[in-house]
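The primary structure of each chain is shown beneath.
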Amino acid sequence: MLAFTAGRLLTPTDSIEHPLVLVEHGRVVDISTRSSRQVPAGVSTSDFGHSIIAPGYVDLHIHGSAGYDVMDDTAEALPAIEHLLARHGVTSYFPTTVTAPMDRTLRALERLANAIEKRELDLERHNADGKIRALPLGIHLEGPFISHARRGAHPPENLLAPTVALFERFWQAARGRIRMMTIAPELEDAPEVIAEAARRGVCVSLGHSDADFAAAERGIAAGARHATHTFNAMRPLDHRSPGILGAVLTDRRVSADIIADGVHLDPAIVKLFADAKGPAQTVLITDATSATGMPEGRYRLGSFEVDVHDGKCMLDGKLAGSVLTMDRAVRNLARFAEWDLPRAVAAASRNPARVARIANKGVLAVGADADFVVLNSEGEVLRTFFGGVECPE
Ligand SMILES: [Zn+2]
């Protein structure tokens, strides 16, 4: 058994002063306070002083980091990305594809499924290698079922009209490991594909879309329950023709994510969004590219390249992903939306875990995985733990 104490614990829905957290076999077995419970005899205690213990972050939308893209065909890619993620507090993530030629997408899905299965096996066998870096929980398929008008950086020649048969090919290649899919609901047959994906437990997310209000609502009625990088690659909000944004911002069945890097959205829009979606349905993503954690220059995103300068990833004058890390997203949300740290932390932990329907992550409660971060009062990540084991530098 392991014991952890700190100045404060964010579960994140509750805030507990002077907590005592007991961990056994990688899981939280008890949460109490230092005044109400003694550390059991013989158990060594890690004391984080005045710092804050919070759940490890969950990133639903990330393309790469540390010079690698999740679609890269090289064994070093995912471990390098996962180490960088851990240093920024992310303990679980959903590797995200971008639109690419069909065969390249199918191969990437198969490789990602292999990687996810290998990590599951490592964990089952208590293989140390599988333990102390961010864990891929499933694949996010972003494209090819997106709008030509709102494709962003996705290559137009590889966009496809959604069909259940095509979705089935992706599903087979990924051996059922697709957990999220971004789709434009206004495309013909999109409602059928949304319904089929939702039936298989995929979180269907509206995005890269030029939908009007009615088409967005049809997507939601078919089973979509989330929205992808809200405002970016969407028909803009118009007060007489509210469009997809009017639906996403007002429909209480829908959670939604944003890229809070201060570049993709003006801070005032982050506040507007946070006020509209509220503390339970606001989700932070990074949309990070391989350029994250690297010097400025030219970097790969899926099968194309982006220029990185001044904290922006650009392709042909359009924003193409980010260099954002989740710890910075949390601190930005707190500042831009005037939210306290627990609410901002929830948008990077409990909320994305709920969106992906992952029960044992994103919260610190009895029975949950002991994946947590140690934060200072500014929300900076000092240390990251996986199942109670610290990630080395
Ligand atoms: Zn996108």
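This report concerns the structure included in the present document. (Residues numbered from 1 in each chain as written. Predicted model: local features only at pLDDT ≥ 70, side-chain atom pairs only at ≥ 80, totals over all residues. Heavy atoms only, no water.)

1. A short note on the sheet that holds strand β20 (residues 304-309)
At step 1: With respect to topology, 4 strands assemble into an open sheet ordered β19-β20-β21-β22, the strand pairing being antiparallel. Two strands in the sheet have a free side with no partner beyond their single neighbour: β19 (297-301) and β22 (318-319).
At step 2: Bridge count between β19 and β20: 5 bridges; the pairing is antiparallel. By the bridge assignment for β20, Gly297 is matched with Val308. (Pairing = 2+ DSSP bridges. Helix = DSSP H or I, 4+ residues; strand = E, 2+ residues; numbered from the N terminus.)

2. What to know about the side chain of Ser322
At step 1: Mapped onto the elements of the fold, Ser322 is located in the loop between β22 and α8 (326-337).
At step 2: What makes Ser322 buried here is its relative accessible area of 1%.
At step 3: Among the polar contacts made by the side chain of Ser322, one reaches the main-chain carbonyl oxygen of Thr286 at a distance of 2.6 Å.
At step 4: Non-local contacts of Ser322, meaning those with residues more than four positions away in its chain, are made with Ile259, Asp261, His264, Thr286, Asp287, Ala288, Thr289, Thr292 and Cys313. (Buried < 20%, exposed > 50% of the residue type's maximum accessible area, 1.4 Å probe, protein only. Polar contact = N/O pair within 3.5 Å; in protein donor to acceptor, adjacent residues only side chain to side chain. Contact = heavy atoms within 4.5 Å.)

3. Focus: the side chain of Thr105
At step 1: Tracing the backbone through its elements, the reader meets Thr105 in helix α2 (residues 102-124).
At step 2: Sequence-distant contacts of Thr105, defined by excluding residues within four places in its chain, comprise Met71, Ala100, Leu141 and Phe170.

4. Focus on helix α1 (residues 77-87)
At step 1: Among the residues of α1, Ala77, Leu78, Ile81, Glu82, Leu84, Leu85 and Ala86 are the ones counted as buried.
At step 2: Just beyond α1, the residue with positive phi is Gly89, at close to 90 degrees.

5. Some words on the packing of aromatic side chains
At step 1: Overall, the coordinates contain 8 aromatic pairs when judged by the stated rule.
At step 2: Geometrically, the ring pair formed by Phe48 and Phe385 is tilted, given 5.6 Å between the ring centres and 55 degrees between the ring planes. Note that Phe48 is positioned in the loop between β6 (45-47) and β7 (52-55) and Phe385 in strand β24 (residues 381-386), a separation of 337 residues in sequence.
At step 3: Here Phe385 falls in the buried class, since its relative accessible area comes to 4%.
At step 4: What links up through ring pairs into an aromatic cluster is the set Phe4, Phe48, Phe372 and Phe385. (Phe/Tyr/Trp six-rings, centres within 6.5 Å; stacked < 30°, edge-to-face > 60°.)

6. A few points about the nonpolar core
At step 1: Tyr57, Leu60, Met181, Leu284, Val306, Leu333 and Leu375 are the most contacted members of the largest nonpolar core, which has 104 residues in total.
At step 2: In this structure, Phe4, Val21, Val28 and Ala370 belong to the second largest nonpolar core, which totals 13 residues. (Core = buried A, V, L, I, M, F, W, Y, C linked by side-chain atoms within 4.5 Å.)

All we've got here are geometric facts, nothing functional implied.
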